[in-house]
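Secondary and tertiary structure notes
Listed below are the residues making up each chain.
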Amino acid sequence: MGRKVTVATCALNQWALDFEGNLQRILKSIEIAKCKGARYRLGPELEICGYGCWDHYYESDTLLHSLQVLAALLESPVTQDIICDVGMPVMHRNVRYNCRVIFLNRRILLIRPKMALANEGNYRELRWFTPWSRTRQTEEYFLPRMLQSLTKQETVPFGDAVLATRDTCIGSEICEELWTPHSPHVDMGLDGVEIFTNASGSHHVLRKAHARVDLVTMATTKNGGIYLLANQKGCDGDRLYYDGCALIAMNGHILAQGSQFSLDDVEVLTATLDLEDVRSYRAEISSRNLAASKANPYPRVKVDFALSSREDLLEPLSEPLEWKYHSPAEEISLGPACWLWDFLRRSQQAGFFLPLSGGVDSTATACLVYSMCRQVCEAVNNGNQEVLADVRTIVDQLDYTPRDPRELCGRVLTTCYMASENSSRETRDRAAELARQIGSHHIGLDIDPAVKAVVGIFSLVTGKRPLFAVHGGSRRENLALQNVQARIRMVVAYLFAQLSLWARGARGGLLVLGSANVDESLLGYLTKYDCSSADINPIGGISKTDLRAFVHFCLEHFQLPALEGILAAPATAELEPLADGRVSQTDEEDMGMTYADLSVYGRLRKVAKTGPYGMFCKLVSLWKDVCSPRQVADKVRWFFCKYSMNRHKMTTLTPAYHAESYSPDDNRFDLRPFLYNTSWPWQFRCIEAQVLRLESRGCQDLDGVD
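To keep things clear, this report deals only with the structure shown in the data block. (Residues numbered from 1 in each chain as written. Predicted model: local features only at pLDDT ≥ 70, side-chain atom pairs only at ≥ 80, totals over all residues. Heavy atoms only, no water.)

Focus: the state of the cysteines
Tallied over the entire structure, the rule returns zero disulfides. The cysteine Cys235 is free of any disulfide, with Cys338 supplying the nearest cysteine sulfur at 11 Å. No disulfide involves Cys367; its sulfur sits 4.2 Å from that of Cys554, the nearest cysteine. Looking at Cys367, the relative accessible area reads 0%, which means it is buried. (Disulfide = S-S within 2.5 Å. Buried < 20%, exposed > 50% of the residue type's maximum accessible area, 1.4 Å probe, protein only.)

Quick look at the structure:
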């Protein structure tokens, strides 16, 4: 009697609205699953159209083309003799739902709509979809004619139901439902469901991989069962990188782990498991069995098909394994690099242009491109034909095969040190040496003639000549002269990005890379329309602290000794005159706070959701050993003044890789006004009253803070 089942889940690099490419990747994953002996294949959330369609979900075209792809899947011989579970938007009674469509041998078994929609952070599913709220109930869904002719069905079940095969019971939950306080797998497990499937569209955030793994292992520890999780992987058209991590678990143990970052467009995981292990595990959990005896039943869709075979006695079972996590520095070296690769190949550009200043931020960006080149060479070396075809298209050479990351970096990355009279010899040399070590095509140029020309126009018109502060100028003059340099660098960057390959006799243009970190963006410590303005920014969601750790990682693992001097140097914009040939300006002095403090403010503002007064109340306790209440108040007031004064800069922020929970991205993640009363009179008055209260009792007792 068969009891061993082989099931498959996958991570696919789908692309929003790329219906042709998405179809081919789905078919390939099903083909691989079948070759590995699987009889059930689970794919990512909304895989047919790609998760990140956003307002395209409103369009009837998106629904139509999704149905056409479903028809092609139903018709394909590849999908025969395996239960296929695919994701797509479906309109039922004029309401749009985020659905799983489960089919077998040209017959749709069930359309299961999502019941809990993700609507926080970067997610806006309630904008486009409606959750199915009728638990354990189904309705008839009338199939469109294009599907009726294929399936010979007029209607199919639509709603909250489970599949009953000849040998087991399978239930679906979709992404967010795993994260809810009372997930569907709880009640499904009590009703005898043995295999749970979860199709996700979950994006990368630093240090968060454990959350998914913990939820799945805990679900199957408490209730027993087999759990399959599929996820999208890659950049499907915006700031997010979906980080794979497909997995298969049973009874609290991981049995198959997918990669979090890779250049493989299709990754399929399979595991062979014994259903009797689920049944015996559940048998001795008396509390679970007591609850199960009172459980309300789910509608069951009967499926005349078995996941097991009669001759499975000698079939080897999958063994438990320990999940391997990346360190944060490794995550940075891999995630943004894969995102850059997807952006480069899908934008059909010929490479990147990076203003390289010799500081940590632009250095980190250069190292990410170098890391990308390392991954491309490794993928090609491992036989990845898709990556090889893409890299040949990018470099415009059909017989090219990348072997050395430095050589590839020279083809796809142009770095440029844009010197001014305020630049030091040290930063110039550091930039040139790093470029030599990673192999980038490096340009050194002087922007002073352009700066003098622009300032000269102003002087010609007004009769006034602005001066730096060290030469007797006002703060306004000093800031304006710094901004002119910064903005000219942006203009020069775009000129060279468009024409430098033309000048070298090569085809195509370059994507301009920005390199402002998340902390500088939060505070607005950047010039609007300077080199922070670019096509994309791979480090815009990463803190200065994490970037330094990443550069340390590259120093150790990529053999780039130039990074040692860059890490040792003080962070500086080099926009003010040098003092005796040395840097007179540092970032932390300019900002009036440290990068470490900025990260604390950022997390309290966004993650802990505090305003000025709430932040003061938390910090006066957190920092009681190093700061007086008055000092804490001054720090909080300074931060909120600078933050609110510069918030308008977030409206033009370069699209950046999302990696940090306190990102100030104004596009979708962090929705705030950009015109504030920067004096915060009411809030700061509340802080001052609390400071006076604490000072009056000698700051000995902080228990009264509320």
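Picking up after the structure, the text goes on.
With respect to the sheet that holds strand E18 (residues 413–419)
In space, the four strands of this open sheet follow the order E19-E18-E17-E20, with parallel pairing throughout. Only two strands of the sheet have a single partner each, and these edge strands are strand E19 (441–446) and strand E20 (511–512). Sheet analysis places strand E17 (residues 352–355) next to E18, joined by four bridges and oriented parallel. Of the residues in E18, the one forming a bridge with Phe352 is Leu413. (Pairing = 2+ DSSP bridges. Helix = DSSP H or I, 4+ residues; strand = E, 2+ residues; numbered from the N terminus.)

Some points on the side chain of Thr6
Relative to the assigned elements, Thr6 resides in strand E1 (residues 4–12). Owing to a relative accessible area of 9%, Thr6 belongs among the buried residues under this scheme. Among the polar contacts listed, one links the side chain of Thr6 to the side chain of Thr272, at a separation of 2.8 Å. With near-sequence residues (within four places) excluded, Thr6 lies in contact with Lys36, Gly37, Ala38, Arg39, Tyr40, Thr270, Ala271, Thr272 and Leu307. (Polar contact = N/O pair within 3.5 Å; in protein donor to acceptor, adjacent residues only side chain to side chain. Contact = heavy atoms within 4.5 Å.)

With respect to the pairing of strand E11 (residues 226–234)
Counting buried positions along E11 yields nine of nine residues, so the element is predominantly enclosed. Here E1 pairs with E11 via two bridges, running parallel. Looking at E11, one finds that Leu12 is bridged to Gln232. As paired elements, strand E10 (residues 195–200) and E11 share six bridges and run parallel to each other. Pairing of Phe196 across the sheet is with Tyr227, part of E11. Alignment of E11 against strand E12 (residues 242–243), held across two bridges, turns out to be antiparallel. Counterpart to Gly234 in the pairing with E12 is Tyr242.

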